[in-house]
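# Remarks on the overall topology
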Amino acid sequence: QKEVEQNSGPLSVPEGAIASLNCTYSDRVSQSFFWYRQYSGKSPELIMSIYSNGDKEDGRFTAQLNKASQYVSLLIRDSQPSDSATYLCAVRSNFGNEKLTFGTGTRLTIIP
Amino acid sequence: EPEVTQTPSHQVTQMGQEVILRCVPISNHLYFYWYRQILGQKVEFLVSFYNNEISEKSEIFDDQFSVERPDGSNFTLKIRSTKLEDSAMYFCASRGDRSSEDRPQHFGDGTRLSIL
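Below or above, wherever it landed, is the structure these notes cover.

Rules of the game
Residues numbered from 1 in each chain as written. Chains lettered and ligands numbered in written order. Predicted model: local features only at pLDDT ≥ 70, side-chain atom pairs only at ≥ 80, totals over all residues. Heavy atoms only, no water. Contact = heavy atoms within 4.5 Å. Buried area = accessible area lost by both parts, 1.4 Å probe. Salt bridge = Lys/Arg side-chain N within 4 Å of Asp/Glu carboxyl O. Polar contact = N/O pair within 3.5 Å; in protein donor to acceptor, adjacent residues only side chain to side chain. Helix = DSSP H or I, 4+ residues; strand = E, 2+ residues; numbered from the N terminus. Nonpolar A, V, L, I, M, F, W, Y, C, P; charged D, E, K, R; others polar. Disulfide = S-S within 2.5 Å. Buried < 20%, exposed > 50% of the residue type's maximum accessible area, 1.4 Å probe, protein only.

## Some points on the interface of chain B and chain A
The interface is formed by 26 residues belonging to chain B together with 24 residues belonging to chain A. In this assembly, chain B packs against chain A so that about 2000 Å² is buried in total across both faces, 47% of it on carbon and sulfur atoms. On the surface where chain B and chain A come into contact, there are one salt bridge. A:K99 serves as the salt-bridge partner of B:E56, at 3.6 Å between the closest nitrogen and oxygen. Here chain B and chain A share four residue pairs in polar contact (both at pLDDT 80 or more) between them. Those elements that provide at least two residues to the side of chain B that touches chain A are β4 (31-37), β5 (43-50), β6 (53-57), β9 (88-95) and β10 (106-107) of chain B. Per-element tally for the side of chain B that touches chain A: the top contributor is β5(B), with five residues. Taken together, the residues of the side of chain B that touches chain A break down into 11 nonpolar, six polar and nine charged.

The structure is reproduced here in structure tokens:
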């Protein structure tokens, strides 16, 4: 059973601070990793994708990948109240048509 | 920006009835997916579809479920005889070809299915 694990939270971060979200995965052959943001009652919205070890930055967001440790993280700098949402980590299978396996998500609250 | 569209946004159906959920993927995308999310739980893969056939399906996707691409734009999920436990948000997703390393899937807004 391929698993994606996240701390469900809630994670509370003051406005303007850095929010750090973590994810581990069990399938060593996984190649691509995605962070989706999901507001309550809404669909997952792609925030970041990463497939190489190291850091990838896009605006206030940085994704970090360590395949040896099977660990992927998302940093959100200068956190805003609008960042309050559930963040889903998803791992792409290398087989078939590459379904995504999701974690349960981390609920993030930015405190003004 | 192109998006995946799903209809209806909310479907209420009596247990045992058939239901069809509709999706229009992004126009140049080739791979299509259905996922579901039971309230308070994780997003779960149901089925993937490429070149007019199912390429992978999960244990959830039993004989009560079917998918179809009846024309060049629509992609449908049919549940033949609905059960109470089918109540969930159903998301359609699509992605482009294999040339992009990341190959992200883009999700529609979902259909909330309520079985009474």
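## Here's the deal with the state of the cysteines
Inspection of the entire model under this criterion finds two disulfides over all chains. Disulfide pairing is shown between A:C23 and A:C89; the S-S distance is 2.1 Å. Between A:C23 and A:C89, the S-S dihedral sits near -75 degrees, and the bridge is therefore left-handed. A residue pair is termed long-range when its members are at least 10 positions apart, and A:C23 in strand β3 (residues 19-25) and A:C89 in strand β9 (residues 85-92) qualify at 66 residues. Judged by its relative accessible area of 1%, A:C23 is buried. Overall, the relative accessible area of 0% leaves A:C89 in the buried class. Across the disulfide from B:C23 sits B:C92; the S-S distance is 2.0 Å. Residues B:C23 and B:C92 are joined through a disulfide that is left-handed, its torsion about the S-S bond being -65 degrees. Of this pair, B:C23 sits in strand β3 (residues 19-24) while B:C92 sits in strand β9, and the two are 69 residues apart along the sequence. For the residue pair B:C23 and B:C92, the accessibility class agrees, reading buried in each case.

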